[in-house]
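# Commentary on secondary and tertiary structure
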Amino acid sequence: MRDDDLVTVTACPDGPLIIRGPASFIAEDGTPIDQPRRSVALCRCGASAIKPWCDGTHKRTGFTTGGREPR
Amino acid sequence: MPARVRPRGPLSASLCALLHRRCPPPEAPQRTGHLLDAAKKALAATGNVVEDDDLQLSLFLLYGLMYGSLPWLDASWEWHPDLIATRALLERAFEAQMRSAATAEDPPRADREAVAAWLFAATAPTPGPDLARFVARSASRDQAREFLIQRSIYTLREADPHSWAIPRLTGRSKAALIEIQSDEYGGGDSERMHAAIFARTMRGAELDDRYGAYVDDVPAITLASQNLMSMFGLNRRLLGATVGHLAALEMTSSLPNRLYGDGFRRLGFGVDVTAYFDEHVEADAVHEQIAGRDLAGALAQDEPALLEDILFGAVAGLRMDGWVGDRLLHAWQEGRTSLRPTSRETIRA
């Protein structure tokens, strides 16, 4: 069983971090960022136009997270 | 209530004539046996099931019975054996054509990560002209509204076709599908349901937001796109295809929806219209990750026999999406409407 209070951060290969659980997101100016859905994807490539969220742009820029065995 | 539909050939005419009545009780004379013959004739006469107006409208109506999406279709017909037999006949031909058009090249191992990587590669964005770029840069206001009409056949019932898979899955792939669908359905808030957000888009563009209002206006290929999802969803033997289809759909959503939103903003539509597209940029960037690994990848690993159909469903969805996009794009580039010539003037409000 997963602890309900525990936030999980799942790293997606060549993609964002998926955050599940009761996390709060605070912007650079200290204001809270509205969390629109239960599971959110945080940009990891830096190219998203809707940061902190992922918008799929990593697929255009060839972003890789590496560290995987070659297939 | 939106108007009933206009038949597009002998089979849909027979079907409409039947469905405008209530289903007779089982012990009464049925007068439905001619449907199967009409379906066989229509199939023998067509060279292309996917583009055949009569066949695709007939399938659309038969699936409409199952969804309850068209209120004038009486529920008493839902499991009528002659209607089910007719549907099975049409589906066999439709599925065969899709299978020959959608071959999965270089299939991966039945492994979660390998399947996800294959799906992401198969859905990778391509450079060059496409529908989303056209809407972003060049579409007129009329074309933008036409685009909403074309999309409304699916989107006013968004997510429903893939939900048929929920009771047929178990374990982690079921949990993944629920995680995606829960968000599609607004996460407990009916106002946030994607179909409801799209209804606001329709109203904001001064279009009818009732389901089925534009069935008469859309070409066979638009109905085929919806029918493909319904065929996958309503047949348990095609469970893998449903899952693959959803994964491909989610993986080809965020980037185009950004462009659609840009196009509607360029044309001066308000937030009530563009919110739908912006929601999908964000939501589907989450969904595609879950759909690739936790849904499709996990299902392939847990049930390797489904791998082939997972890939088929993904490629079939991509092909269909390509055909629909080409149809709209070519029509607009030639200065024509993508809607059927019978379209009512009211669309150009």
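As recorded in an unreviewed UniProt entry, chain B goes by Iron-containing redox enzyme and comes from Glycomyces harbinensis.

The name given to chain A in an unreviewed UniProt entry is Iron-binding zinc finger CDGSH type, with the source organism recorded as Glycomyces harbinensis.

## Considering the nonpolar core
Of all hydrophobic cores here, the largest spans 117 residues; its most connected members are B:L19, B:L61, B:F94, B:F147, B:L148 and B:F264. No other element matches the 13 residues that helix 15 (residues 307-333) of chain B contributes to this core. Split by domain, the residues of this core number at least three in each of domain 1 (10-101) and domain 2 (112-347) of chain B. In this structure, A:I19, A:F25, A:V40 and A:W53 belong to the second largest nonpolar core, which totals 5 residues.

## Examining the environment of B:D54
Residue and element names in this part refer to chain B. Positionally, D54 belongs in helix 3 (residues 53-67). For D54 and L267, which are 213 residues apart along the polypeptide, the C-alpha to C-alpha distance reads 35 Å. Residue contacts for D54: discarding those within four places in its chain leaves R8, G9, P10, L11, S12 and A42.

## As for the packing of aromatic side chains
Applying the stated rule across the entire model yields 12 aromatic pairs over all chains. Here A:F25 and A:W53 contribute two aromatic rings whose centre-to-centre distance is 5.1 Å and whose plane-to-plane angle is 75°, an arrangement assigned as edge-to-face. A residue pair is termed long-range when its members are at least 10 positions apart, and A:F25 in strand 3 (residues 25-26) and A:W53 in the loop between strand 5 (39-42) and helix 1 (58-61) qualify at 28 residues. Classification of A:F25 by relative accessible area gives buried; the value is 12%. A relative accessible area of 7% means that A:W53 is categorised as buried. An aromatic cluster of at least three residues, connected via ring pairs, comprises B:F147, B:F198, B:Y260, B:F264, B:F269, B:Y276 and B:F277. The lysine or arginine in question, B:R99, covers the ring of B:F312, its NZ or CZ lying 4.1 Å from the ring centre. Taking NZ or CZ as reference, B:R141 lies 4.0 Å from the ring centre of B:F269, over its face.

## Describing helix 4 (residues 81-101) of chain B
The terminal C-alpha atoms of helix 4 of chain B, which comprises 21 residues, lie 30 Å apart, in line with the 30 Å expected from a rise of 1.5 Å per residue. The complete set of buried residues in helix 4 of chain B reads B:L83, B:T86, B:R87, B:L89, B:L90, B:E91, B:F94, B:E95 and B:M98.

## Quick look at the domain arrangement of chain B
Buried accessible area, meaning the area lost when the parts come together, often serves as the stated size of an interface. Residue and element names in this part refer to chain B. Under the domain assignment, chain B is made up of domain 1 (10-101) and domain 2 (112-347). The distance between the C-alpha centroids of domain 1 and domain 2 comes to 24 Å. At the interface, 20 residues of domain 1 touch 30 residues of domain 2. Taken over both partners, the interface formed by domain 1 and domain 2 buries close to 2,300 Å², and the fraction arising from carbon and sulfur atoms is 63%. Among the residues of domain 1 in contact with domain 2, F60, Y67 and M98 are the three that bury the most area, contributing 30% of the side total.

Conventions used here
- Residues numbered from 1 in each chain as written.
- Chains lettered and ligands numbered in written order.
- Predicted model: local features only at pLDDT ≥ 70, side-chain atom pairs only at ≥ 80, totals over all residues.
- Heavy atoms only, no water.
- Core = buried A, V, L, I, M, F, W, Y, C linked by side-chain atoms within 4.5 Å.
- Buried < 20%, exposed > 50% of the residue type's maximum accessible area, 1.4 Å probe, protein only.
- Helix = DSSP H or I, 4+ residues; strand = E, 2+ residues; numbered from the N terminus.
- Domains from an automatic or database assignment.
- Contact = heavy atoms within 4.5 Å.
- Phe/Tyr/Trp six-rings, centres within 6.5 Å; stacked < 30°, edge-to-face > 60°.
- Lys NZ or Arg CZ within 6 Å of the ring centre and 35° of its normal.
- Expected span 1.5 Å × (residues − 1).
- Buried area = accessible area lost by both parts, 1.4 Å probe.

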